Amino acid sequence: QVQLVESGGGTVQIGDSLRLSCAASGRTFSTYAMGWFRQAPGKEREFVGAISWNPRQTEYANSVKGRFTISRDNAKNTVYLQMNSLKPEDTAIYYCASAAIWLQTRPSDYPYWGQGTQVTVST
């Protein structure tokens, strides 16, 4: 079992950058694929991106491709979401999640979730 805790959210201006972190507990962190999702008020939770246990494999939603980057440090049991050129439509609660199978893009495919961290991009 993996326990996840996100941090790094906050309120930023349009065009700013922000880096989210997701700290995981559990000795098998390096064997899990890690995903980032977000949920805006009144909307369904959507896939942002994911990284495999092999850090060279990543996948992103079209809406964030070229602006967001996912990385992981298995020695620190941490996965990161670097967000650049932020837009108002990026405002949401951001969640990290872990799955044993690559590549999963549906929330229902991820059994383990963090509590989420709020990101607000103000106009």
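Up top is the structure.
Residue indices follow the written sequence of each chain, beginning from 1 at its first position. Local features are withheld for residues below a pLDDT of 70 in this predicted model, meaning they are given only at 70 or higher, and side-chain atom pairs are given and counted only at 80 or more; totals for whole chains, interfaces and linings count all residues. The basis for every side-chain value is the complete set of heavy atoms in the structure, and neither hydrogens nor water enter the calculation.

Asks: Tell me about the overall build of the chain, and name the residues and values.
Replies: Across its full length, the chain holds 0 helices and 11 strands. Helical segments are the DSSP runs of H or I of at least four residues, strand segments are the runs of E of at least two, and each set is numbered from the N terminus. Secondary structure of the chain in N-to-C order comes out as β-β-β-β-β-β-β-β-β-β-β. Its C-alpha atoms give the chain a radius of gyration of 13 Å, near enough to 14 Å, the size a compact globule of 123 residues would have. C-alpha extents for the chain along the principal axes are approximately 40 × 25 × 25 Å. The buried label goes to any residue with under 20% of its type's maximum accessible area, the exposed label to any with over 50%, and the partly exposed label to all in between, with areas taken from a 1.4 Å probe on protein chains only. Counting across all 123 residues of the chain, residues that qualify as buried make up 42%. In the chain, the share of contacts with a sequence separation of at least 24, taken over all contacts with a separation of at least 6, comes to 58%. On the chain, roughly 6300 Å² of surface is accessible, and the fraction owed to carbon and sulfur atoms is 47%. Mean positive and mean negative side-chain charge positions of the chain (12 and 9 charges, respectively) differ by 6 Å. With the radius of gyration taken over C-alpha atoms, the globule rule is written as 2.2 Å times the number of residues to the power 0.38. In what follows, residue pairs with any heavy atoms lying within 4.5 Å of each other are defined as contacts. Accessibility throughout is a Shrake-Rupley quantity obtained with a 1.4 Å probe, and a residue counts as covered only by protein chains that appear here. Charge counting follows a simple rule: Lys and Arg are positive, Asp and Glu are negative, and His as well as the terminal groups are ignored. Throughout, a charge is located at the NZ atom of Lys, the CZ atom of Arg, the CG atom of Asp or the CD atom of Glu.

Asks: Account for unusual backbone geometry, with residues named and values stated.
Replies: Cis geometry marks the peptide bond from W102 to L103; its omega dihedral reads 0°. With respect to the secondary-structure elements, L103 resides in the loop between strand 9 (92–99) and strand 10 (112–113). Within the chain, N77 stands out as a residue other than glycine whose phi angle is a positive 55°. Along the chain, N77 falls in the loop between strand 7 (68–73) and strand 8 (78–83).

Asks: Quick rundown of the pairing of strand 7? Include the residues and the values.
Replies: The two faces of strand 7 differ: F68, I70 and R72 on one face are buried, but T69, S71 and D73 on the other face are not. At least two bridges found by DSSP between two strands is the condition for calling them paired. Pairing analysis gives 6 bridges linking strand 7 to strand 8, with the strands arranged antiparallel. Within the sheet, the bridge partner assigned to F68 lies in strand 8 and is M83. Connecting strand 7 to the next strand, strand 8, in antiparallel fashion are 4 residues, including N77 with a positive phi near 55°.

Asks: Pulling in residues and values, what's your account of the side chain of R67?
Replies: Within the element layout of this structure, R67 appears in the loop between strand 6 (58–60) and strand 7. Once you skip the residues sitting within four places of it in the chain, R67 turns out to touch Q82, M83, N84, S85, L86, K87 and D90.

Asks: Pulling in residues and values, what's your account of the environment of T11?
Replies: Among the secondary structure elements, T11 is positioned in strand 2 (residues 10–13). Between the alpha carbons of T11 and R72 there is a distance of 24 Å; along the sequence they are 61 residues apart. Among all residues touching T11, those that are not within four sequence positions of it are T120 and S122.

Asks: So what's going on with the state of the cysteines? Which residues, and what values?
Replies: Whenever a pair of cysteine sulfur atoms sits within 2.5 Å, that pair is classed as a disulfide. Across all of its chains, the model carries 1 disulfide by this definition. A sulfur-sulfur distance of 2.0 Å marks the disulfide that ties C22 to C96. Taking the torsion about the sulfur-sulfur bond, which here is approximately 55°, the covalent link between C22 and C96 counts as right-handed. Taken together, the positions of C22 in strand 3 (residues 18–25) and C96 in strand 9 put the pair 74 residues apart, joining distant regions of the chain.

Asks: Tell me about the pairing of strand 4 (residues 33–39), and name the residues and values.
Replies: Most of strand 4 is tucked away, with 6 of its 7 residues classed as buried. In terms of strand pairing, strand 4 meets strand 9 through 7 bridges, oriented antiparallel. Following the sheet pairing, F37 is matched in strand 9 by Y95. Bridge count between strand 4 and strand 5 (residues 46–51): 5 bridges; the pairing is antiparallel. Directly across from G35, in strand 5, lies its bridge partner A50. Hairpin connection between strand 4 and strand 5: a loop of 6 residues separates the two successive antiparallel strands, and G42 in this loop has a positive phi of roughly 80°.

In short, shape yes, function no, at least from these values alone.
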